[in-house]
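Observations on chain architecture
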Amino acid sequence: MSGETVIVKAAPLEACVARIFVEHGVPQADARLVANVLVQADLWGHQSHGVLRTSWYVERLRHGVMSPVTAIDVISDRRCVAVIDGREGVGQVIAERAMRMAIAKAKEFGVGTVAVRNSNHFGTLMYYTRLATQEGCIAFMTSNGGKAMAPWGGAKNKIVGTNPWSIAAPGGARPPLMLDMANTGVARGKIYLARQRHEKIPFGWALDAEGAPTDDPAAAIAGIILPMAGHKGYAIATLMDVLAGVLPGSAFLSAVNGPYHYDKRSGCGHFITVYNIEDFIDPAAFDRRIEAFIEEIKSQPLAQGFSEIFLPGEMEARAHQRQMEEGIALPGDTWDELLKLARETGTTEQLDAARK
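If you're wondering where the values come from, they're calculated on a predicted model, not measured in any experiment.

From N to C terminus, the protein chain includes 12 helices and 13 strands. Relative to its length of 356 residues, the protein chain is compact, with a C-alpha radius of gyration of 20 Å against a globular reference of 21 Å. Over its C-alpha atoms, taken along the principal directions, the protein chain stretches across nearly 55 × 55 × 50 Å. Put simply, the protein chain has 356 residues, and 52% of those count as buried. Here the contacts in the protein chain between residues at least 6 apart in sequence split such that 68% fall between residues at least 24 apart. Summed over its atoms, the accessible surface of the protein chain is roughly 15500 Å², and 54% of this surface lies on carbon and sulfur atoms. Once the 36 positive and 39 negative side-chain charges of the protein chain are each reduced to a mean point, those two points are 3 Å apart.

Pasting the structure below:
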């Protein structure tokens, strides 16, 4: 089916993906969380972090480098700061528990910080920072990741991850404002997605293994992803690794492995800080101020070629609504991988039910 798009419904797709993980030893509640995180990314229009990654996670479970049963150790818990060890469990489960812990600390102390070591890839960061906005908080989160780019001024050897970061804040009467970005010009997952779609990538995204610009996603994966904004993207990614890797006592730089390295432990770390709004300002006053803030942005004159000014996270909110109604358009290769997993786990009926 390569190259042929398949339209699927979100709810049955999520149920099928959850069942696939259950069949590979992940407890049911955890499997539902993983599936929800992946399908939510697809609904937001971030297919690079959606169900495309199901087969990657399954391979990691099969190779024993990711534990299906997540048993977190609390290394330290001191008032507004905690450090936890994910013990190579399921990344989504570790990240969700760490965020909940940070929210609880913020509610008690005004600010809560949780650092995580020995975790795994967990999907989109804004899935977790959004949780804090639902509790009247603002959240920051970063994670390090598998090596993707060379340090600024370095040649060929990639040792720095994309090391994404997210900030989310309540939007008053509107959906929350959500930022989620890698420090490379593009997330590595978007290059994998282009390969699944059999599409070229824009020049400027990556260099091949010989250091030449490329529009071939396979050559880009074998080569080096370029930082956003030149040296600025490299510098931000490097400091994010200090927060997510060095500080929590987790792996850093070239010692971290991405989810597509099926036979290598990840060792990635995360860093979360949550701020309880009512410890800074009356929540009603915050709502009035954030709505005035949004109105000033949205009311600006439009530049040529633009029909609207979007807030961070607004395009994702609209994509979610549209795709819940119209269905998610999955690349044929993604569907084929899911179908293979469904056949292996006896869930083809559930997957077939997801097709619109």
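Let us now look at the layout of surface pockets. Estimated volume of the largest pocket: approximately 720 Å³. Every residue lining the largest pocket is counted, 41 residues in all, and those nearest its centre are His49, Pro164, Asp180, Ala182 and Ala187. Within the residue set of the lining of the largest pocket, elements represented by two or more residues are β9 (174-181), α6 (188-197) and α10 (314-326). With four residues, the single largest contributor to the lining of the largest pocket is β9. Grouping the amino acids of the lining of the largest pocket by side-chain chemistry returns 17 nonpolar, 18 polar and six charged. By volume, the second largest pocket is sized at about 180 Å³. Residue lining of the second largest pocket: 14 residues in total, with Ala150, Gly154, Leu207, Ile224 and Leu226 positioned closest to the centre.

Close approach of charged atoms lets side chains of opposite charge pair. In this structure the tally under the stated criterion is 12 salt bridges. Between lysine 105 and aspartate 77 there is a salt bridge, and its shortest N-O distance comes to 2.4 Å. Of this pair, lysine 105 sits in helix α4 (residues 91-109) while aspartate 77 is found in strand β2 (residues 73-78), placing the two residues 28 residues apart along the sequence. Of the residues examined, aspartate 77 reaches a relative accessible area of 48% and is grouped as partly exposed.

On to the pairing of strand β5 (residues 137-143). Taking burial as the measure, the seven residues of β5 include six buried ones, the bulk of the element. Where β5 and strand β12 (residues 268-276) come together, seven bridges link them in antiparallel fashion. For threonine 142, the partnering residue across the bridge sits in β12 and is phenylalanine 271. Pairing of β5 with strand β8 (residues 165-171), which is carried by four bridges, proceeds in the antiparallel orientation. Residue methionine 141 lies in a different strand from β8, and its bridge partner there is serine 166.

What follows is about helix α2 (residues 28-43). End to end, α2 covers 22 Å across 16 residues, agreeing with the expected 22 Å (1.5 Å per residue, within 8%). Looking at α2, one finds that the buried residues are Asp30, Ala31, Leu33, Val34, Ala35, Val37, Leu38, Val39, Gln40, Ala41, Asp42 and Leu43. Among the structural elements, α1 (10-22), α3 (54-62), α4, α5 (126-133), α10 and β13 (328-330) are those in contact with the buried residues of α2. Glycine 45 sits one or two residues past α2 and shows a positive phi near 90°.

Attention now goes to a nonpolar patch on the surface. On the surface, Leu239, Val242, Val246 and Phe252 cluster together into a nonpolar patch covering about 350 Å² of accessible area. By the element assignment, leucine 239 lies in helix α8 (residues 231-246).

Turning our eyes to something else, we now look at the sheet that holds β9. In space, the seven strands of this open sheet follow the order β2-β3-β4-β12-β5-β8-β9, with mixed pairing throughout. Every interior strand has two partners, whereas the edge strands, β2 and β9, have only one. Across the sheet, the mean angle separating the axes of adjacent strands is 10° when strand polarity is ignored. In terms of strand pairing, strand β3 (residues 81-85) meets strand β4 (residues 111-119) through five bridges, oriented parallel. Paired with isoleucine 84 across the two strands is valine 116, which belongs to β4. Across the sheet, α4 is in contact with β2, β3, β4, β5 and β12; its angle to β4 comes to roughly 160°.

Glancing now at the packing of α2 against α10. Where α2 contacts α10, the two axes come as close as 8 Å, and the packing angle between them is 100°. As summarised for this structure, α2 and α10 are arranged roughly perpendicular, according to the angle between their axes. Two secondary-structure elements touch here, α2 through Gln40, Asp42 and Leu43 and α10 through Glu316, Ala319, His320, Gln323 and Met324. Tallied by class, the residues present in the contact of α2 with α10 amount to three nonpolar, three polar and two charged.

Rules used in this analysis
- Residues numbered from 1 in each chain as written.
- Predicted model: local features only at pLDDT ≥ 70, side-chain atom pairs only at ≥ 80, totals over all residues.
- Heavy atoms only, no water.
- Helix = DSSP H or I, 4+ residues; strand = E, 2+ residues; numbered from the N terminus.
- Rg over C-alpha atoms; globule rule 2.2 N^0.38 Å.
- Buried < 20%, exposed > 50% of the residue type's maximum accessible area, 1.4 Å probe, protein only.
- Contact = heavy atoms within 4.5 Å.
- Areas by Shrake-Rupley, 256 points an atom, 1.4 Å probe, with all protein chains shown as cover.
- Lys, Arg positive; Asp, Glu negative; His and termini not counted.
- Charge placed at Lys NZ, Arg CZ, Asp CG, Glu CD.
- 1 Å grid on protein atoms, 1.4 Å probe; cavity = no way out; pocket = protein on both sides within 12 Å on 5 of 7 lines; lining within 4 Å.
- Points joined across faces, edges and corners; volume = space filled by probe spheres on them.
- Nonpolar A, V, L, I, M, F, W, Y, C, P; charged D, E, K, R; others polar.
- Salt bridge = Lys/Arg side-chain N within 4 Å of Asp/Glu carboxyl O.
- Pairing = 2+ DSSP bridges.
- Expected span 1.5 Å × (residues − 1).
- Patch = residues over 30% accessible without salt bridge, like charges linked within 9 Å, V, L, I, M, F, W, Y side chains within 5 Å.
- Axes fitted to C-alpha atoms, helices over the stretch in contact; angles between N-to-C directions.
- Parallel < 35°, antiparallel > 145°, perpendicular 65-115°, else oblique.

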